[in-house]
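Spelled out from the first residue to the last, the chains are:
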Amino acid sequence: MKNIAVFASGSGSNAENIAKYFADSNDIKVAVVLSNNRNAKVHERMRKLNIPTFTFSRDEFSEGNSVLAKLKEYNIDLIVLAGYMNKITAPLLNAYPQRIINIHPALLPKFGGKKMYGMHVHEAVVAAREKESGITIHFVNENYDEGAIIFQATCPVSPKDTPEQVAQKVHQLEYAHFPPVIAKVIQKHT
Ligand code: GAR
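Every value quoted in this text rests on a predicted model; they were computed, and no experiment measured them.

## Some thoughts on the overall build of the chain
Inference 1: A tally of regular secondary structure across the chain gives seven helices and seven strands.
Inference 2: For the chain, the N- to C-terminal ordering of α and β elements is β-α-β-α-β-α-α-β-α-β-α-β-β-α.
Inference 3: Its C-alpha atoms give the chain a radius of gyration of 16 Å, within 12% of the compact-globule value 16 Å for 190 residues.
Inference 4: Taken along its principal axes, the extent of the C-alpha atoms in the chain is 50 × 35 × 35 Å.
Inference 5: Per-residue burial for the chain yields a buried fraction of 47% across its 190 residues.
Inference 6: A separation threshold of at least 6 residues defines the contact pool for the chain, and within that pool the share at least 24 residues apart is 67%.
Inference 7: Put simply, the chain shows about 9,800 Å² of open surface, and 49% of that area lies on carbon and sulfur atoms.
Inference 8: Each charge class in the chain can be summarised by its mean position, and for the 22 positive and 18 negative side chains these summaries are 2 Å apart.

Structure representation (structure tokens):
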């Protein structure tokens, strides 16, 4: 069995989708979810699926020891960032080389970087009158949204689309593509 840890800061709809996708697999499972926000909706979603969740402070995430101990306890092979809004620091990057991946709700290298997360991304895409947006799944390094790209998929953006409508299209791409891409990364890199 290969074990995934999902890191999530907010709603956790991707975490839920990934967990359900692998629920019947004999090879891969979401073993644990870690969050930096004890009030995030992801905890409730995971409770319903019987998946344990734990909250660590921003400092604990960046210092690494307690988070690494938890990952070891669950024999984690791959870390999946799904709406996780903090930077990943050296202790985790060193412990999981090429084994931390992120999903970004736009077509990197466009609309990436420090303040580009969640709805801010879709607002920027609409403000720039882009004709398309999409998702980028990439390896994580020490800079926001700069690791090697593994996969991208696109959706059209019409001049009438609101940021909420773009968000909806992008979420559909995330739900369709993130779990199978995770499975491929596990096959190749763990
Ligand atoms: C997702 O759209 C994800 O791509 C984005 O946050 C959303 C989380 O939704 N991630 C980032 O913006 C990271 N820079 P969810 O909590 O419902 O899965």
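## Some remarks on the site of the ligand
Inference 1: Close contacts around the ligand come from 14 residues, with Gly 12, Ser 13, Asn 14, Gly 118 and Glu 174 the closest.
Inference 2: Side-chain polar atom of His 171 to an oxygen atom of the ligand: 3.4 Å apart, as the coordinates give it.
Inference 3: Those elements that provide at least two residues to the shell around the ligand are α1 (13-21), β5 (100-104) and α7 (163-189).
Inference 4: Split by residue class, the shell around the ligand holds five nonpolar, eight polar and one charged.

## A few points about helix α4 (residues 65-73)
Inference 1: Within α4 the residues assigned to the buried category are Val 67, Lys 70 and Leu 71. Axial view of α4: buried residues confined to an arc of 100°, hence all on one face. Turned more than 90 degrees away from the buried face of α4, the exposed residues are Asn 65, Lys 72 and Glu 73.
Inference 2: Buried residues belonging to α4 abut β1 (2-7), β2 (28-35), β3 (53-55), α3 (58-63), β4 (76-81) and α5 (90-95).
Inference 3: Downstream of α4 by one or two residues, Asn 75 has phi in the positive range, about 50°.

Thresholds, definitions, all that
- Residues numbered from 1 in each chain as written.
- Predicted model: local features only at pLDDT ≥ 70, side-chain atom pairs only at ≥ 80, totals over all residues.
- Heavy atoms only, no water.
- Helix = DSSP H or I, 4+ residues; strand = E, 2+ residues; numbered from the N terminus.
- Rg over C-alpha atoms; globule rule 2.2 N^0.38 Å.
- Buried < 20%, exposed > 50% of the residue type's maximum accessible area, 1.4 Å probe, protein only.
- Contact = heavy atoms within 4.5 Å.
- Areas by Shrake-Rupley, 256 points an atom, 1.4 Å probe, with all protein chains shown as cover.
- Lys, Arg positive; Asp, Glu negative; His and termini not counted.
- Charge placed at Lys NZ, Arg CZ, Asp CG, Glu CD.
- Near = heavy atom within 4 Å.
- Polar contact = N/O pair within 3.5 Å; in protein donor to acceptor, adjacent residues only side chain to side chain.
- Nonpolar A, V, L, I, M, F, W, Y, C, P; charged D, E, K, R; others polar.
- Arc of directions from axis to C-beta.

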